[in-house]
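An overview of the molecular structure
One-letter residues, chain by chain:
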Amino acid sequence: MPARTVRPADPRVSVVIPARNEARNLEIILPKLPPVYEVILVDGNSVDDTIATAQRVMPDIRVVHQTRKGKGNALACGFEAVTGDVVVMFDADCSADPDEIPRFVQALVEGADVAKGTRYSLGGGSDDITIVRNLGNRGLNMLCNIILGTRYSDLCYGYNAFWADVLPEIGLLSSELPKPSDGSMLWGDGFEIETVLTCRWSAAELAITEVPSHEKLRVHGSSNLNAVTDGIRVLKSIMHERRRAAIGRSEVRRAAMSLVPPAEQLAAVPHAAAPHAAPAAPHAPVHAAAPVGAPVAAVASLEEEVA
């Protein structure tokens, strides 16, 4: 993991709230937020008065319009607008408890790169999850831990916080990419975003602390989540991220080898060395500066294939 700059003990907190037709819920939840540096509302082309309501309840709220569709794109647009030190992912449907935000921030201040919410630890829970969703979540979580070598207790939960300086290592799709002409979503723009983020945090070897969280019931409206189709996208996400991480490790190794003098590369393969070759002169250790995870060019075709 790359070296980090010194992080503040009293960070500026940016709360990112993706919302589509959530005016009635925002009227309830926005006044309950603790004092933070900024609140960013990402509007997903709402047809109700989501924006007007948010601005009436919280006059200093920042409004960003998402560029494509899907929760993943909404979050990416919000992350790009962040100017604080810490990012908190917060749902607009009243299911997330705003009183838990300080707990997430404290975990970051105490040394974590990411504070990952979990409903499956002491102090956590859910008023909303059904038996079918619970079984599906646990199954996908176990599969992720086996395939990726992680130890998460709640893979799909979307209440998380992280230091803004790790955003470059996550590699989310740019908000400036065009919409697919067939009306579909780009990979990572949908509800699979929570899984994508979780997998990439691990691939980047970030320090992750799980924070107990209690999920409440949505107050108004109905969820856009589909347990079957979105569950399939989560499963595809796990397999996709496994392949993406493998490409990233390969690129890092290749970059490291490119920095090693040719004589030492030959020395590493005895049968390829010339007869009676003189030993290479010693040199300082080489530290590859390649980023963790696959470069954009290396994974572009993979992203298109999965989508």
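Note that the structure is a prediction, hence the values are computed from the model and not measured.

Some words on the overall build of the chain
Summing up its helical and strand segments, the chain has 10 helices and nine strands in all. Out of the 307 residues in the chain, the part that is buried amounts to 42%. With an accessible surface of roughly 15600 Å², the chain has 58% of that area assigned to carbon and sulfur atoms.

Some words on the packing of aromatic side chains
Scanning the entire structure with this criterion turns up five aromatic pairs. Ring geometry for phenylalanine 79 versus phenylalanine 162: centroids 5.3 Å apart, planes at 90°, classification edge-to-face. Here phenylalanine 162 lies in strand E7 (residues 160-163) and phenylalanine 79 lies in helix H3 (residues 71-81), a separation of 83 residues in the sequence. In terms of burial, phenylalanine 79 and phenylalanine 162 fall into one category: buried. Ring geometry for phenylalanine 90 and tyrosine 159: centres 5.6 Å apart, planes at 85°, overall edge-to-face. Of this pair, phenylalanine 90 sits in the loop between strand E4 (86-89) and helix H4 (101-109) while tyrosine 159 sits in the loop between helix H5 (131-148) and E7; the two residues are 69 residues apart in sequence, bridging distant segments of the chain.

So, the pattern of salt bridges
On inspection of all chains with the given rule, the structure shows 12 salt bridges. Residue aspartate 154 pairs with arginine 119 through a salt bridge whose shortest N-O separation is 2.8 Å. Within this pair, whereas aspartate 154 is found in the loop between H5 and E7, its partner arginine 119 is found in the loop between strand E5 (114-118) and strand E6 (125-126), the two being separated by 35 residues in sequence. Arginine 119 shares its class with aspartate 154; the two are buried.

Re the nonpolar core
Counting residues in hydrophobic clusters, the biggest one holds 54 residues, and the most contacted among them are Ile17, Leu26, Leu30, Phe90 and Phe162. In terms of nonpolar packing, the next biggest core, distinct from the first, is built from six residues, Cys144, Cys199, Val234 and Ile238 among them.

A look at the environment of tyrosine 37
Within the secondary structure layout, tyrosine 37 lies in the loop between helix H1 (23-29) and strand E2 (38-43). For tyrosine 37, a relative accessible area of 42% corresponds to the partly exposed category. Sequence spacing of tyrosine 37 and glycine 84 is 47 residues, and the spatial spacing of their C-alpha atoms is 6.8 Å. Beyond its immediate sequence surroundings of up to four residues, tyrosine 37 is in contact with Arg12, Val13, Ser14, Thr83 and Gly84.

Notes on the sheet that holds strand E1 (residues 13-19)
Read across the sheet, seven strands follow the order E3-E2-E1-E4-E7-E5-E8 without closing on themselves; strand pairing throughout is mixed. Edge positions in the open sheet fall to strand E3 (62-65) and strand E8 (208-212), since each of these has one partner strand only. The sheet shows a mean angle of 20° between the axes of neighbouring strands, taken without regard to direction. When E4 meets E7, the two strands line up antiparallel, connected through three bridges. For valine 87, the partnering residue across the bridge sits in E7 and is phenylalanine 162. In the packing of helix H7 (residues 193-203) onto the sheet, the strands contacted are E4, E5, E7 and E8, and the crossing angle to E5 comes to about 135°.

Some thoughts on the confidence of the model for the chain
Looking at the chain as a whole, the pLDDT averages 81, with 77% of positions reaching at least 70. For residues 272-302, every residue scores under 50 in pLDDT, and the model assigns this stretch 32 contacts once sequence neighbours within four places are set aside.

Topic: the pairing of E4
Alternating residues of E4 divide into Val86 and Val88 and Val87 and Met89, and every residue in both groups is buried. Note that E1 and E4 share four bridges and pair parallel. Each residue of the ladder has a partner; that of valine 15, found in E4, is valine 88.

Section: the side chain of serine 175
Relative to the assigned elements, serine 175 resides in the loop between helix H6 (167-170) and H7. By relative accessible area, which is 10% here, serine 175 ends up buried.

Focus on unusual backbone geometry
At asparagine 21, a residue that is not glycine, the phi angle is positive and equals roughly 55°. Of note, asparagine 21 is situated in the loop between E1 and H1.

Description of the pairing of E1
Regular strands place side chains that alternate from one sheet face to the opposite one. Extensive coverage of E1 is indicated by the burial of seven of its seven residues. In E1, alternate side chains face the same way, and those of Val13, Val15, Ile17 and Ala19 on one face and Ser14, Val16 and Pro18 on the other are all buried. Bridge analysis of E1 against E2 gives six bridges, and the strand direction is parallel. Pairing of proline 18 across the sheet is with valine 42, part of E2. Each parallel crossover has a hand, and for E1 linked through H1 to E2 it is right-handed.

What counts and how
- Residues numbered from 1 in each chain as written.
- Predicted model: local features only at pLDDT ≥ 70, side-chain atom pairs only at ≥ 80, totals over all residues.
- Heavy atoms only, no water.
- Helix = DSSP H or I, 4+ residues; strand = E, 2+ residues; numbered from the N terminus.
- Buried < 20%, exposed > 50% of the residue type's maximum accessible area, 1.4 Å probe, protein only.
- Areas by Shrake-Rupley, 256 points an atom, 1.4 Å probe, with all protein chains shown as cover.
- Phe/Tyr/Trp six-rings, centres within 6.5 Å; stacked < 30°, edge-to-face > 60°.
- Salt bridge = Lys/Arg side-chain N within 4 Å of Asp/Glu carboxyl O.
- Core = buried A, V, L, I, M, F, W, Y, C linked by side-chain atoms within 4.5 Å.
- Contact = heavy atoms within 4.5 Å.
- Pairing = 2+ DSSP bridges.
- Axes fitted to C-alpha atoms, helices over the stretch in contact; angles between N-to-C directions.
- pLDDT = per-residue confidence, 0-100.
- Right-handed = clockwise from strand over helix to strand, strands pointing away.

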